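# Inside the fold
Each chain, letter by letter, is given below.
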Amino acid sequence: MRIKGHPVWIAFSLFSLFATLVLATGFGWAVKDVLRPSSDRIPAGEVQEAAGRGKSKEALLVSLGDSLTRGTGDTSGQGYVSRVKEALREKNGTLGAVNLAVKGQTSDQLKRQVKKKRVRALLGDARWITLTIGGNDLFRNSGALEELDPEGAEKARKAYRQNLNEILSVIRQENPSSPVFMFGLYNPFGDLGEKEISNRLVREWNRTLSEVAGDYEKVVVVPVYDIFQLNPEKVLYSDRFHPNRQGYEFMAVRLLQALHRQAEEVSADDR
Amino acid sequence: MRNWIGLVYNELLKMVKKKRVLVVLLITAVLIPIFTYGEYRSLQNTVEQMGTSDWRSLLQQRIIDAQNRLSSSRLPEEWKQQIKLNIQQQQYYLDHDINPTAPGAPTFVRGFVEEAVSLFLPLLVVVVASDIVSSEHSAGTIKLLLTRPVRRWRILLSKYLALLLLVSFIMTSTAVLGYLISGVIFGYGGWDMPVFTGFQANGGELNTESVHLIPQWQYILMGYGLAWFSCIAVATLSFMVSVLVRSTAASIGIMMAALISGSLLTQLAPTWTALKYLAFTNLRLTDYLSGEPSMIEGMTLPFSLTILGLWSLVGLVVAFTVFVRRDVLA
């Protein structure tokens, strides 16, 4: 049988045949590779990109911590971080922002997080670092609200001091000069029973936090205890634990006050 | 042998001249620019939001965001498992300082085949494969075909072989089109960029023991090879349906419904493990290459290949038996 036809169709057929062979090869290769990974792999060291991280000179805001930094409870989804970011962007122009906060994070988990290589690098690049940590340590380890356990809380506080020390020293190791803004703790249960005990606990923890912060250069403690002291229901979300929109707004204002003062100082130094 | 080549060539020509192939290519040529632009937009968007184009920061942020999704209590356990594995994989990339998604046309092609293997490519295949026998019925040409002094099974086999060639052609052209079109935005370089492969999900843990790097061109070749196998399975089943059903519209409809429900069911009911014995839940073969954890537990590459192979085999047997024995009247 003779094959007749336009050269285009013959070329098309040959191309299809060729494609089939190529794809079949790829298939065979893939099956072999998945089942028996080849030993002639590229050594990982060789391909490490020569240039380190592209040291962008852009201003970078790095936020660490727990759900407060994440913005849980803010129905607008912004939290304090986005508000601060917007404000800084207006002032500074372009600005990078990385939010590394994880909901429910405790100081122990944050301690492990900041030791990761990539997080360290980001901290090194940061021009501002913001931080909320401790709420989960305090309210989880002290037991349920009805039966606050002073002993457990005391033990947790010691661990908290230790962890906070480690966190801040890692930050300072990576970045000796940029300011760190650390929010103080507030008492979401200030209008419920046992408020004397919960208030005392929060005050104690805040003292610890301030003491540790005082040991490091340029670590600014931003107090928020007062915001949540009167009428906490106005600034708390319906879960009665996280701030609501208004609460985050207040937190952002506080942080910006501390931050702008600092920013002016820096520009004064430059002159 | 000459005889065979002639038969297959003839069938191939019949299929190509039907304009259906052109339509398929046209669909691809229209959709790929849209996909390209979409990807470009979302990249721009993240860069803008983060204020940095450093992929390490972007990837780190993505890991943290995924961690936060994990803490949602409404998330089904299977999803959580998958997110956890994804996080571990991304962390692996980050730790080894390799960008999993460096922009470039080859990266686009790689992403395209990984995404398209479950639905887009099979749909294209269904469009060309579904009328292969049924159209002979609706056009009435079946009688002319069968009155030739060629055995029926030979006719059917040559149709099948031509279909396989056509599937290869379509897949290759999507790759070529994707490369040419996306390169306009992303640039044409990046063929030898290193990519990790060999991740294995082991319970909830990611096993990185056999992870190794391969150049991206090899990855694309292997990815397309696996997708090719999936598409052949789809083509074979469409081929069977096309023999069984005399109306082209019905056979396309049946295949599309099966395809779509196959990909929906895995999302809807990941706990229903019997689903893994269906052909269309096993189409995502490229996942075994990228290490993307599968939704249903206990699926491995040999398993999926076996299932797809068995279904195809059954499809072929049914198609041939029916076609050889059937009375052709009208």
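Before reading on, note that the structure itself is shown above.
The paragraphs below set out a description of the structure included in this document. It should be emphasised that the depicted structure is a prediction, and the values quoted were computed from it without experimental measurement.

Let's shift gears to the sheet that holds strand β3 (residues 128–132) of chain A. Residue and element names in this part refer to chain A. Reading across from one edge, β2-β1-β3-β4-β5 is the order of the five strands in this open sheet, with parallel pairing throughout. Each end of this open sheet is capped by a strand with a single partner; those strands are β2 (96–99) and β5 (219–222). Within the sheet, the average angular offset between the axes of one strand and its neighbour, ignoring direction, is 20 degrees.

Residues and elements named next belong to chain B. On the surface, a nonpolar cluster with roughly 650 Å² of combined accessible area is contributed by Tyr37, Tyr40, Val176, Leu180, Val184, Ile185 and Tyr188. Listing elements by their share of the nonpolar patch, those giving two or more residues are α2 (20–50) and α9 (152–186). The biggest single contributor to the nonpolar patch is α9, with four residues. Note on placement: Val176 falls in helix α9.

The subject of this paragraph is the nonpolar core. Counting 109 residues, the largest nonpolar core has B:Leu166, B:Val167, B:Met171, B:Tyr224 and B:Phe239 as its most contacted members. The contacts of B:Phe239, once residues within four sequence positions are left out, are B:Ile132, B:Val133, B:Leu156, B:Lys159, B:Tyr160, B:Leu163, B:Leu316 and B:Ala319. In this structure, A:Ala126, A:Ile133, A:Ile167 and A:Met182 belong to the second largest nonpolar core, which totals 41 residues.

Before going further, it helps to examine the interface of chain B and chain A. On the side of chain A, 54 residues touch chain B, which itself brings 62 residues to the contact. Interface area, chain B with chain A, both sides summed: about 4800 Å², of which 66% is carbon and sulfur. The three residues of chain B that bury the most area against chain A are B:Tyr9, B:Asn68 and B:His212, which together make up 12% of that side's buried surface. At the boundary of chain B and chain A, one finds one salt bridge. For B:Asp65, the salt bridge identified is with A:Arg70, shortest N-O distance 2.5 Å. Linking chain B to chain A there are six residue pairs in polar contact (both at pLDDT 80 or more). When grouped by side-chain class, the residues that make up the side of chain B that touches chain A number 32 nonpolar, 21 polar and nine charged.

Okay, empty space enclosed by the protein next. Residue and element names in this part refer to chain A. Overall, the coordinates contain three cavities of 30 Å³ or more when judged by the stated rule. Here the largest cavity defines a volume of roughly 140 Å³. Considering the residues around the largest cavity, the lining is formed by 15 residues, among which Asp66, Leu68, Gly135, Leu185 and Tyr186 are closest to the centre. Sorting the residues of the lining of the largest cavity by element identifies α3 (67–70) and α7 (135–141) as the ones contributing at least two each. Looking at which element gives the most residues to the lining of the largest cavity, the answer is α7, with three residues. Its residues assigned to classes, the lining of the largest cavity comprises eight nonpolar, six polar and one charged.

Rules behind the numbers
- Residues numbered from 1 in each chain as written.
- Chains lettered and ligands numbered in written order.
- Predicted model: local features only at pLDDT ≥ 70, side-chain atom pairs only at ≥ 80, totals over all residues.
- Heavy atoms only, no water.
- Pairing = 2+ DSSP bridges.
- Helix = DSSP H or I, 4+ residues; strand = E, 2+ residues; numbered from the N terminus.
- Axes fitted to C-alpha atoms, helices over the stretch in contact; angles between N-to-C directions.
- Patch = residues over 30% accessible without salt bridge, like charges linked within 9 Å, V, L, I, M, F, W, Y side chains within 5 Å.
- Areas by Shrake-Rupley, 256 points an atom, 1.4 Å probe, with all protein chains shown as cover.
- Salt bridge = Lys/Arg side-chain N within 4 Å of Asp/Glu carboxyl O.
- Core = buried A, V, L, I, M, F, W, Y, C linked by side-chain atoms within 4.5 Å.
- Buried < 20%, exposed > 50% of the residue type's maximum accessible area, 1.4 Å probe, protein only.
- Contact = heavy atoms within 4.5 Å.
- Buried area = accessible area lost by both parts, 1.4 Å probe.
- Polar contact = N/O pair within 3.5 Å; in protein donor to acceptor, adjacent residues only side chain to side chain.
- Nonpolar A, V, L, I, M, F, W, Y, C, P; charged D, E, K, R; others polar.
- 1 Å grid on protein atoms, 1.4 Å probe; cavity = no way out; pocket = protein on both sides within 12 Å on 5 of 7 lines; lining within 4 Å.
- Points joined across faces, edges and corners; volume = space filled by probe spheres on them.

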